[in-house]
Amino acid sequence: MAKSRYLARAPITEALIDIRVQAGDNVTTETFEPLRSQLSDAYPTAVVIKSGLAEFRFDNGMLQPVSAQTDQGLMFKSPDERTLAQFRLNGFTLNRLAPYTQWESIFPEALRLWALYASIARPIAAVRLAARYINRLQFPLPVSDLTTYLTAPPRVPEGVPQFLRGFLTRLIIHDPNHDHSAIVTQALEPSPADLEHLVVLLDIDAYREVELQPDDDRIQMVLNALRQFKNDIFFSSITDSAAELFG
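Predicted model, so just to flag it, every value in this text is computed and none were measured. (Residues numbered from 1 in each chain as written. Predicted model: local features only at pLDDT ≥ 70, side-chain atom pairs only at ≥ 80, totals over all residues. Heavy atoms only, no water.)

1. A word on the overall build of the chain
Stated precisely, the cut-off is as follows: Counting from the N terminus, the helices are DSSP H or I runs at least four residues long and the strands are E runs at least two residues long. Residue contacts are counted whenever heavy atoms from the two residues lie within 4.5 Å of one another.
A tally of regular secondary structure across the chain gives four helices and nine strands. Ordered by position from N to C terminus, the α and β elements of the chain give β-α-β-β-β-β-α-β-β-β-β-α-α. A sequence separation of at least 24 residues applies to 69% of the contacts in the chain between residues at least 6 apart.

Here it is in structure tokens:
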């Protein structure tokens, strides 16, 4: 397995720390309204998170579209709108958009806000923990062989043209020793405006299904372990030549 290393120009476009819960009784979006004032200094903007449902029904013999939206919680935004805190009916998420800082900065903030979430929403248990990182890898053109930068690129069968216009791969990796899993997605991003780079998205969603009390110290331990699992997958997915581009 490749060794993790510090990348001064880490290609992270978004990092998420996510805790899904078994919700307690009577939790609604209004449950989180007191946070507007409590978080106003660090997160002055708050918006309602909505989910949509679309379906079709027959009305007088005609197929008619029917849509509805429901409130799922509140999202709080930092002044630069690069740090987002989601307080939802089904859990809590901290999103950090580029430029990424470091785990040692965002993780304590995620734990602080999670404690606030747990105190106000009173979930029965945490049921899924995740550390998800979306990377945008820019490789200088021309790229004649993706194996220069990726350890597991798509393979075009022999006997057909070897030029790729796009690709999408998705793997679910499981570590039985720690009961960790990860959804790993690689995709070629169309970048018509960028004539100097080939852009590949590498999305790693490391997660573990659990059943832990909201104040259980193992939540912190598992999230730290998932972050390391994510790092192991990332550095095993790129070559030394790729790492040097971001180091």
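That was the structure; now back to the text.
2. A few points about the pairing of strand E1 (residues 12-22)
Where we set the bar: Here the term buried applies to any residue with accessible area under 20% of the maximum for its type, exposed to any over 50%, and partly exposed to those in between, with areas from a 1.4 Å probe on protein chains only. The pairing criterion for strands is at least two bridges between them, as found by DSSP.
Most of E1 is tucked away, with eight of its eleven residues classed as buried. As defined by bridge partners, E1 adjoins strand E6 (residues 125-140) across ten bridges and the pair is classed as antiparallel. Each residue of the ladder has a partner; that of Arg20, found in E6, is Arg128. As paired strands, E1 and strand E5 (residues 91-97) are joined by seven bridges and run antiparallel to one another. Looking across to E5, one finds that Arg20 is bridged to Gly91.

3. Quick word on the side chain of Glu14
Test applied: Charged residues are defined here as Lys and Arg on the positive side and Asp and Glu on the negative side; His and the ends of the chain fall outside this count. Here a salt bridge means any side-chain nitrogen of Lys or Arg lying within 4 Å of a carboxyl oxygen belonging to Asp or Glu. For the purposes of these results, a polar contact is taken to be a pair of N or O atoms within 3.5 Å, where, inside protein, one atom must be able to donate a hydrogen and its partner to accept one; residues adjacent in sequence count only when each atom of the pair is a side-chain atom.
One can find Glu14 in strand E1. It is Arg132 that comes nearest to the buried, bridge-free Glu14 among opposite-charge side chains, at 7.2 Å. For Glu14, the side chain forms a polar contact with the side chain of Asn95, separated by 2.8 Å. With residues up to four places along the chain from it excluded, the contact list for Glu14 reads Asn95, Arg96, Leu97, Arg132, Tyr133 and Ile134.

4. Regarding the nonpolar core
Where we set the bar: Here, the term nonpolar core denotes a set of buried Ala, Val, Leu, Ile, Met, Phe, Trp, Tyr and Cys residues that are joined through side-chain atoms within 4.5 Å.
Counting 61 residues, the largest nonpolar core has Phe76, Phe87, Leu129, Leu137 and Ile238 as its most contacted members. By residue number, the principal contributor to this core is helix H2 (residues 103-121), which donates ten residues. With residues near it in sequence (within four places) discarded, Ile238 still touches Leu137, Tyr149, Leu150, Thr151, Leu202 and Ala243.

5. What to know about the environment of Asn224
Note on placement: Asn224 falls in helix H3 (residues 218-237). Put simply, Asn224 and Ile49 are 175 residues apart on the chain and 28 Å apart in space, counted from C-alpha to C-alpha. Other than its neighbours up to four places away in sequence, Asn224 contacts Trp103 and Phe107.

6. Focus on the pairing of strand E9 (residues 197-212)
Note: E6 against E9, 14 bridges, orientation antiparallel. Note that in E9 the partner of Ile134 across the bridge is Asp203.

7. As for the packing of aromatic side chains
We apply this condition: The pairing test for Phe, Tyr and Trp rings, Trp by its six-membered ring, is centres within 6.5 Å, and the orientation test on the planes gives stacked under 30 degrees, edge-to-face over 60, and tilted for anything in between. Distance and angle both matter: a charge sits over a ring if NZ of Lys or CZ of Arg is within 6 Å of the ring centre and within 35 degrees of the ring normal.
In total, this model carries eleven aromatic pairs according to the counting rule given. Ring plane angle 65° and centroid distance 5.3 Å describe the contact between Phe87 and Phe92, whose orientation is recorded as edge-to-face. Accessibility expressed as a relative area gives 0% for Phe92, which makes it buried. Relative to Tyr117, the ring of Phe92 has its centre 6.4 Å away and its plane inclined at 50°; by these criteria the two rings are tilted. Separated by 25 residues along the polypeptide, Phe92 in strand E5 and Tyr117 in helix H2 bring together distant segments of the chain. Feature note: the residues Phe32, Phe76, Phe87, Phe92, Trp114 and Tyr117 constitute an aromatic cluster, connected by ring pairs. The cationic tip of Lys230 hangs over the ring face of Tyr133; the distance from NZ or CZ to the ring centre is 3.7 Å.

8. Focus on unusual backbone geometry
The residue after Ala98, namely Pro99, is reached through a cis peptide bond having omega 5°. When you line up the elements, Pro99 lands in the loop between E5 and H2.

9. Focus on the environment of Val200
Looking at the element boundaries, Val200 is found in strand E9. Distance from Val200 to Pro154, taken between C-alpha atoms, is 12 Å for residues 46 residues apart in sequence. Those residues in contact with Val200 that sit more than four places away from it in its chain are Asn135, Arg136, Leu137, Phe139, Leu150, Phe167, Ala187 and Leu188.

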